[in-house]
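# Analysis of the macromolecular model
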Amino acid sequence: MKQYKTRLLFILLIFLGGFGKIISQCNLVQEISVCDMTTVDFDTDGNPDGIINLYDEYTTATGLTIQNGTWSVNPRFSISLDPNTGNVSLWSLERSTEVISDYTFELRNMDCGDDVALTIRLILGPYSGVALPPFGINNVNVETCDTEPFDLYNALISNDLIPPPHLNGEWTYNGTSPSFISISGSELMVEIPYQPGLPLVDQEVFEFTYEVPGISPCALSMETTVRVSVVREVDAGTGAFIEICEEDILAGVYDLDIDLRDDTYLEDEDIEGFWSSFFDPTNQISDVGDSTINIKEIYENIIDGGNNLDFGCESFVFRYTVEQRSGVCMDQFTDITFRIHERLKPFQQINSPVELCPNSGTQTLRLFNLLEFTNQNGVDFIYDNYRYVQWRLVSGPSDLNLNTTFDDPDKYLGRVSYGRNDSGTYVFEYAVHPSINCPNSLSEICFPFSEPDGIRYCEPYCSILTTQVTIQILGVDYPGEDTDGLNFCETEESVDLRSLLRTNGFNTIVTTGVWTNNNGDVIDNTFVFPEIDNQQTFTFTYSTASDDGCADSANLSFTIFKEANAGAGSGTSTTLCSDDLTVTLFELLEGDPDTTGIWTGPFGYTSMDHLGVFDASDDTLPILGPGDYVYTVGGNIGCSAQDQTTVSIAIVEPIEIGNDRNETFCKIDGRVNLYSLLDSDTVRTGVFEDTDNTEALSPDGVLEFETLTNGIFNFRYVVVNALPCDESSLNVAVQIVDLPEPNVPDQEFCILDGKRLDDIEVDVLNYNWYANLESDMPIIDNPLLFDNQVYYIATVDADNCESERVTVAINILNMGERFSNGDLCSLDFQDGVSPDGNNQNDTFDLFVEDEFNIPVAFPDFDLKIYNRYGATVYEGNRNTGEFRGESNVSIRLGDDLPSGTYFYIFTPNFENNFPIQGSFYLSR
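Figured I'd write up the structure that's included with this text. No experiment lies behind these values; they were computed from the predicted model shown.

## Notes on the pairing of strand S39 (residues 551-561)
When you tally the buried positions in S39, you get eight out of eleven residues, the bulk of the element. As judged from the five bridges shared by strand S33 (residues 483-489) and S39, these two strands associate in the parallel manner. Bridge pairing in S39 places Cys489 opposite Phe561. As consecutive antiparallel partners, strand S38 (residues 536-545) and S39 are separated by five residues, and within that stretch Gly549 has a phi angle of approximately 90°, a positive value.

This is the structure in structure tokens:
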């Protein structure tokens, strides 16, 4: 109604003459009140929308109009304002006005620049919303479950026609029920007590009032009352997780039935629930009211008469369910879980104690290998999962470096190491945590020796099992350490063997041991050097035996060297050819030289290899040069004097005659002197050998081509060298190209064909035409053929070799003459012209492919065409276009001639070819 009143006031002011006056003042302030936003209908469609226009509201309130501009408001409310049109959505404003400045809109326009043109303060009346329609016998607006807080705003309507309530109101509980807990903002918290038995639905109705404040001139407040029914959610209680050890079952602890409803297994449950046999694989639950089970029976089913003793652990779940009594709450269930753990089977040391001799060096032992585990019904109960086992030292001089790394997968082995100084008795203990049969996770580690407050402690549901392992490390007489790498010179003659053995630094070598050689022969501690031909290595063993019966030994190895020997006297002097500088200098030495020497020689040559190898085919080796090469053997290890021998090398140079030659010749070249193919600096004192036995080579090196056909022919040029060089030689390969002559007969053509040289058919792919027999220049153009001409043709290849030339005579027949086969050389023009553009007889043709070519055959021809009256209508030659039914003479130039018969005279103007006349029909 307010909108309609505003528009009526607007019309009255117009009639009164004062309404609508545009003002240009700045910093204007105007208050506007909207006390009931639920009735505002901006688009007048009959449905409220809560939209007002600030320009209209200002004009309605003042009767004035202000220049348009841009509106702004506090950013918190910008979603409700269109800054360009001034439209405001009141339903988007979440609070009623409590202070007059709550909603302030400012207009800026061109008249006022940076100043505010108009400020409108909106007073929005309070709106507490509309409650949902009541229902049910309790006349409630909404029903909810007590499992979580309920938002009371959900009891109010909000849609396209009814706005949501203002949010600055306050909810008040209108009652005193002890089930009511609190209201936080709009969040309701209640707790409905459980009442066993009937009624099955535990619920209670609560009434609340929502009051929204306002200011004048609107209402100072607005209230809405709602009734909420809260239903208690059923409770299936709390189920227990019971861990049971197999050993307790075997001890009779669980022989009797148990009732799952006992508080030991299920607490605080609603009594209206039922048991689900669907979740019971043990078949202990017979119906929904059956809560009795027997653990002993379940266990017997697990072990299957002894066929499943290694079951590890098995879990069984019994589900108790209480169904919801109202659509607003959910069914509830709880699970009671029993997990039965396999007990650990006993294990113990196989033989106790174990006696060990440390012998020489460090020994290792796996204590786990000394254990014997239970085998029951063919099943081995071996406990080797490092996450649940632990070794520890009980007694002994040390822990023998027992591996106790907690995350080492080999920890279960109980690896220890011991030596000859670790004699004594050791007791170790191995423990297994029962969780080994029922791991909780892949990362779980349980120390069976750990205390409840210790690291890696896990609560055991069965007994931890342990056993002790005893080992005794016996004493040993120390024989020393294995010793090698010792060297002596043959001049020292003897040595004390025991004094050569190395020690570990803290044990003393006993003198009661026995020395033996490789053959097992006993030898004295003082070893006398035997006569040797070369350095020789000796190996002996020193063996001991203790009173405890432990044997030990140490090996001794040393080498006796002879004094240095570089060979007897001087080495052999050798002459080599420079084209085969391959030699092993060591092989030139005399006597029996040592192989430990080095070579030195000319050009800075040094070789640490005693062989002194030179190999011309190996680019990685140095090149042999002439001069003296010295072999020096240093004093052998333990010996001091060195020895030297000299080898002299002389080198002879062979005659250099160049590289192999490959040449190609055409057979028509006739011959070649092979000496002409050699390099200019190659000596001519050698001779050529006919390698392929062509019998075409003369003693003076001339090769005749006449008897040679296509192919490659090999020859060898040989020059004798001074010893020890072999003869110098090179190979000459001559390729002869013999091309076949083309088969081209004399040619005969009609003059009308206008044939050219390229029109002659040739039976080879590559060829040249020549004007005469001796010409060096082939014909490269394509000349027109004339009568009585003679051409010459030859086959050619890519290397410009040619065959013999073949003579080809040209015979051109004039019109009226006959070919040798009797055919006539004649000209037959067409008998009709129809210039209709279909490409058939459009013109009087002077060129017909494969028949005649008038402009080429008779370049000076002329053609005249007459009508039936004898008047000339067309004159043509090679420079005019063909006749196409148009006159080209001056009287009717360019005219289309009429259909009819026309006559022509064709004059060749060439030698003995006479004019031809005839007629044709021109059709349109």
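## Some words on the state of the cysteines
For the structure shown, the criterion picks out ten disulfides. Two residues share a disulfide in this structure: Cys577 and Cys725, whose sulfurs sit 1.8 Å from each other. Between Cys577 and Cys725, the disulfide has an S-S torsion of 110° and is therefore right-handed. Note that Cys577 is positioned in strand S40 (residues 574-577) and Cys725 in the loop between strand S51 (711-719) and strand S52 (728-737), a separation of 148 residues in sequence.

## Considerations on the sheet that holds strand S31 (residues 424-432)
Taken in spatial order, the four strands line up as S25-S32-S31-S29 in an open sheet, and their pairing is mixed. The open sheet has two edge strands with one neighbour each: strand S25 (354-356) and strand S29 (389-395). Across the sheet, the axes of successive neighbouring strands diverge by a mean angle of 30°, strand direction being ignored. With three bridges connecting them, S25 and strand S32 (residues 465-473) associate as parallel partners. From the neighbouring strand, Leu356 faces S32, where its bridge partner is Ile473.

## Let's talk about the sheet that holds strand S9 (residues 142-145)
By way of backbone hydrogen bonds, the strands of a sheet pair with one another, either parallel or antiparallel. One open sheet holds the four strands; their spatial order is S9-S15-S14-S11, and the pairing between them is mixed. If you trace the sheet from one side to the other, it starts and ends with S9 and strand S11 (170-173), each paired once. Adjacent strand axes in the sheet meet at a mean angle of 35°, parallel and antiparallel pairs treated alike. Here S11 runs beside strand S14 (residues 203-213); their pairing, made up of four bridges, is antiparallel. Pairing of Trp171 across the sheet is with Tyr210, part of S14.

## Considerations on the packing of aromatic side chains
The tally for this structure, following the rule as stated, stands at 56 aromatic pairs. Ring geometry for Phe368 against Tyr430: centres 5.9 Å apart, planes inclined by 75°, an arrangement best described as edge-to-face. Here the residue Phe368 occupies a position in the loop between strand S26 (363-366) and strand S27 (371-376), and Tyr430 occupies one in strand S31, the gap between them amounting to 62 residues. Exposure class is identical for Phe368 and Tyr430. Each is buried. Relative to Tyr904, the ring of Phe829 lies with its centre 5.5 Å away and its plane at 85°, an arrangement referred to as edge-to-face. Of this pair, Phe829 sits in the loop between strand S56 (806-813) and strand S57 (832-833) while Tyr904 sits in strand S62 (residues 900-907), and the two are 75 residues apart along the sequence.

## Considering the side chain of Asp797
Residue placement: Asp797 occurs in the loop between strand S55 (790-795) and S56. Although Asp797 is buried, it forms no salt bridge, and the closest oppositely charged side chain is Arg805 at an N-O distance of 13 Å. Within the structure, Asp797 has its side chain in polar contact with the backbone nitrogen of Cys801 (distance 2.7 Å). Look past the residues within four positions of Asp797 in its chain and what remains in contact with it is Val737 and Leu739.

## Some details on the environment of Ala871
Here Ala871 is to be found in the loop between strand S60 (862-866) and strand S61 (872-876). Expressed as a C-alpha distance, the spacing of Ala871 and Tyr902, which sit 31 residues apart in the sequence, is 10.0 Å.

## Focus: helix H2 (residues 54-62)
Along H2, the residues classified as buried are Leu54, Tyr55, Glu57, Tyr58, Thr59 and Thr60. Two to three positions downstream of the cap, the backbone nitrogen of Tyr55 sits 3.0 Å from a side-chain oxygen, assigning the N-cap of H2 to Asn53. Following H2 by one or two positions, Gly63 has its phi on the positive side, about 80°.

## Concerning helix H4 (residues 295-303)
Among all positions of H4, only Ile295, Ile298, Tyr299, Ile302 and Ile303 are buried. For H4, the angular spread of the buried residues around the axis is 130°, confining them to a single face. Its buried side turned inward, H4 meets strand S17 (241-245), helix H3 (246-250), strand S18 (258-259), strand S21 (292-293), strand S22 (313-322) and strand S23 (332-341). Of the residues flanking the start of H4, the one acting as N-cap is Asn294, its side-chain oxygen 3.0 Å from the backbone nitrogen of Lys296. At the C-terminal side of H4, Asp304 shows a positive phi close to 50°.

## Observations concerning the nonpolar core
Residues Ile295, Phe338, Ile340, Leu367, Tyr430 and Ile471 are the most contacted members of the largest nonpolar core, which totals 59 residues. For this core, the element with the highest residue contribution is H4, accounting for five residues. The contacts of Ile340, once residues within four sequence positions are left out, are Ile244, Ile249, Ile295, Ile298, Tyr299, Ile302, Phe311, Gly312, Cys313, Glu314 and Phe316. Grouped together as the second largest cluster of nonpolar side chains are 41 residues, Tyr791, Ile793, Ile810 and Phe829 included.

## Brief notes about the pattern of salt bridges
It is possible for side chains of opposite charge to pair when their charged atoms get near one another. According to the stated counting rule, one finds 20 salt bridges in the structure shown. Residue Arg319 is joined to Asp335 by a salt bridge in which the shortest nitrogen-to-oxygen separation is 2.8 Å. Of this pair, Arg319 sits in strand S22 while Asp335 sits in strand S23; the two residues are 16 residues apart in sequence, bridging distant segments of the chain. Its relative accessible area of 26% is what places Asp335 among the partly exposed residues. A salt bridge links Asp738 to Lys667, with the shortest nitrogen-to-oxygen separation between them at 3.5 Å.

The rules we used
Residues numbered from 1 in each chain as written. Predicted model: local features only at pLDDT ≥ 70, side-chain atom pairs only at ≥ 80, totals over all residues. Heavy atoms only, no water. Buried < 20%, exposed > 50% of the residue type's maximum accessible area, 1.4 Å probe, protein only. Helix = DSSP H or I, 4+ residues; strand = E, 2+ residues; numbered from the N terminus. Pairing = 2+ DSSP bridges. Disulfide = S-S within 2.5 Å. Axes fitted to C-alpha atoms, helices over the stretch in contact; angles between N-to-C directions. Phe/Tyr/Trp six-rings, centres within 6.5 Å; stacked < 30°, edge-to-face > 60°. Lys, Arg positive; Asp, Glu negative; His and termini not counted. Salt bridge = Lys/Arg side-chain N within 4 Å of Asp/Glu carboxyl O. Polar contact = N/O pair within 3.5 Å; in protein donor to acceptor, adjacent residues only side chain to side chain. Contact = heavy atoms within 4.5 Å. Arc of directions from axis to C-beta. Core = buried A, V, L, I, M, F, W, Y, C linked by side-chain atoms within 4.5 Å.

Such coordinate-based values are descriptive only and should not be taken to indicate function.
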